[in-house]
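Here's the letter readout for the chains.
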Amino acid sequence: MALNTVIGAQWGDEGKGKIIDYLSERSDYVIRFHGGNNAGHTIINQFGKFALHLVPSGIFHPKTKVIIGNGVVIDLKVLLEEIQILKKCGIKIKNKLFISPRCHLIMPYHKLLDFLYEKAKGKGRTGTTGRGIGPTYSDKVSYNGIRLVDLLDKKSFSEKLKIQLSLKNKILKALGAKPLKQKNIEKLFYYFREKIQPYVQEPFPIVQNAIKNRKNILLEGAQGTLLDNDWGTYPFVTASTILAGEINAGAGISINKIDQITGIAKAYVTRVGGGPFPTELTNATGKKLRKIGEEFGATTGRARRCGWLDIELLKFACIVNGFTNLAITKLDVLDSFPEIKICTHYTLNGKKVNYFDGDANFLAKVKPIYRTFKGWKKSIKGITKYNNLPKEAKKYIKAIEKLVNVKIMYISVGPKRQEMIKL
Ligand code: GDP
Ligand code: IMO
Ligand code: MG
């Protein structure tokens, strides 16, 4: 395995948590390198059911160490709660979790601004998770961020907070919100500081040593390629870079160290929040996908929009990330469908067009062209060998592989760790 990067190939929630929990059994390190607690990675294993937002999904394996890399933005309240939940379930955290001091902090005003910006945009809102992600990354790139390293030094934190509050309170007031008080934030964050300090350590030498010694490292992507700030459906995207190359900036790992890039895609497509979705099914079939697939957000509980698999988008994700293999998840959700469709390409005004030909408005207008497959109409739960899949399911998998021209290495047939076919 050596160095494997796992990336969402659609609009997030592809089942990355499940796949990473499965793959990391042999990992020495699992590293998050972007996003924040907008992520919700569901894991079901012998310890129970978890929705991890910040702690990397490899935490459950006794020998695996986990790292929150510098590219991640952190809400300390959420992280500390997550650590508590894991500890209560008997998971060891001490000397297993390392957090980069370079991580930017999601401050109370970031969450307020996220809400106020969305409110001001009305119908055109992105439909964010409301976790303050966009405003935190904006402050990071405009040199107004406060990092974990700042919190370790109370004087530095207090000075930086004072400047930021002098700016942010003006905006908050202008948008009709109450200004925030320095002393309240300091009190809260100094409490967080005591709790988080034992886990804060520069991971760069740890990671570089691991690479040198050919340890197994798994990079845990969050969100999905189509939410990428540059290559996604802007402005219906997230604030960070989602693509595989982000491991360089977000974890200090050179891209020439990557051995494998695994793209995770659902056997259909979901999206939560606003933005174009060419294969969306707003009819009874879409409702059926949502019901059987239990398509409700792991972070916000919002109902996910559902639709047929979109090869045009998946092909783009394969190329832009350079996936070396794919994991197809939730194939079992299609068990009872008499017919299953795949969008092979788009047309606009009768001409073939590509995803990258235009922006979000363009994508809202394209016409998806479908190929129809016969369903297998039986349960595939519990199947662990590819040959034991019904022939219609094999045909569906082989068609995807052929259309995107990337090898499918894993097929997930249920939410639990062992519900998996390795090819
Ligand atoms: P992530 O954000 O990519 O980690 O995905 P989420 O955890 O947000 O959403 C995936 C959902 O599908 C979770 O509820 C998982 O438990 C569930 N899941 C993952 N793989 C499978 C699968 O193969 N079959 C079924 N039925 N559910 C799955
Ligand atoms: P995981 O890691 C699905 C979506 C939001 C919204 C847009 C911007 O669980 O796959 P943000 O709060 O990031 O500013 O919201 O991005 N979004 C996700 N959708 N899965 C996620 O993460 C997501 N993280 C953000 O719904 O449309
Ligand atoms: Mg999720």
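The structure we're discussing is the one just above.
All values derive from a computational prediction rather than experimental measurement.

**Student:** Honestly, the coordination of the magnesium ion (ligand 3) in this entry has me stumped. Any pointers?
**Tutor:** Each donor-metal-donor angle in an ideal tetrahedron of four donors is 109.5 degrees, and each such angle in an ideal octahedron of six donors is either 90 or 180 degrees. Here the magnesium ion (ligand 3) is held by the protein donor atoms Asp13 (OD) and Gly40 (O), which lie 2.1 to 2.2 Å from it. Remark: Gly40 occurs in the loop between strand S2 (29–32) and strand S3 (41–45) and Asp13 occurs in the loop between strand S1 (3–8) and helix H1 (16–23); sequence separation between them is 27 residues. Take Asp13: its relative accessible area is 23%, and that puts it in the partly exposed class.

**Student:** Please clarify how the pairing of strand S5 (residues 65–68) should be interpreted in this entry.
**Tutor:** Regular strands have side chains that alternate between both faces of the sheet. Across four bridges, the pairing between S2 and S5 is parallel. Residue pairing in the sheet places Ile31 in a bridge with Ile67 of S5.

**Student:** Could you clarify how one ought to interpret the side chain of Thr238 in this entry?
**Tutor:** Mapped onto the elements of the fold, Thr238 is located in the loop between strand S9 (217–220) and helix H9 (246–251). A distance of 3.3 Å separates polar atoms of two side chains, one belonging to Thr238 and the other to Asn38. With sequence-adjacent residues up to four places away left out, Thr238 is seen in contact with Asn38, Ile133, Gln223, Leu227 and Asn229.

**Student:** Looking at this structure, I do not really get the sheet that holds strand S18 (residues 408–412). What am I missing?
**Tutor:** Strand pairing within a sheet occurs via backbone hydrogen bonds; the two strands may be parallel or antiparallel. Taken in spatial order, the nine strands line up as S7-S5-S2-S9-S1-S10-S14-S18-S19 in an open sheet, and their pairing is mixed. Each edge of the sheet is formed by a strand with only one pairing partner; in this case those strands are strand S7 (97–99) and strand S19 (420–422). Here the strands of the sheet are splayed against their neighbours by 20° on average, with no regard to which way each runs. Direction of pairing for S1 relative to strand S10 (residues 260–266): parallel, over a ladder of five bridges. Its bridge partner lying in S10, Asn4 is registered against Gln260.

**Student:** Would you take a moment to explain the packing of aromatic side chains for this structure?
**Tutor:** Geometrically, a pair of aromatic rings is defined through the distance of the ring centres and the angle of the planes. In the structure shown here, the tally under the stated rule is 13 aromatic pairs. Considering the side-chain rings of Tyr191 and Phe192, the 6.1 Å spacing of their centres and the 55° angle between planes classify their relative orientation as tilted. Of the residues examined, Phe192 reaches a relative accessible area of 6% and is grouped as buried. Among the aromatic residues, those joined into a cluster by ring pairs are Phe157, Phe189, Tyr190, Tyr191 and Phe192. Looking at Lys154, its charged tip hangs above the ring of Tyr190, at a distance of 4.8 Å from the centre. Above the plane of the ring of Tyr386 lies Lys394, whose end atom (NZ or CZ) is 5.8 Å from the centre.

Procedures and definitions
- Residues numbered from 1 in each chain as written.
- Chains lettered and ligands numbered in written order.
- Predicted model: local features only at pLDDT ≥ 70, side-chain atom pairs only at ≥ 80, totals over all residues.
- Heavy atoms only, no water.
- Donors = N, O, S within 2.8 Å, 3.2 Å for Na, K, Ca; no water.
- Helix = DSSP H or I, 4+ residues; strand = E, 2+ residues; numbered from the N terminus.
- Buried < 20%, exposed > 50% of the residue type's maximum accessible area, 1.4 Å probe, protein only.
- Pairing = 2+ DSSP bridges.
- Polar contact = N/O pair within 3.5 Å; in protein donor to acceptor, adjacent residues only side chain to side chain.
- Contact = heavy atoms within 4.5 Å.
- Axes fitted to C-alpha atoms, helices over the stretch in contact; angles between N-to-C directions.
- Phe/Tyr/Trp six-rings, centres within 6.5 Å; stacked < 30°, edge-to-face > 60°.
- Lys NZ or Arg CZ within 6 Å of the ring centre and 35° of its normal.

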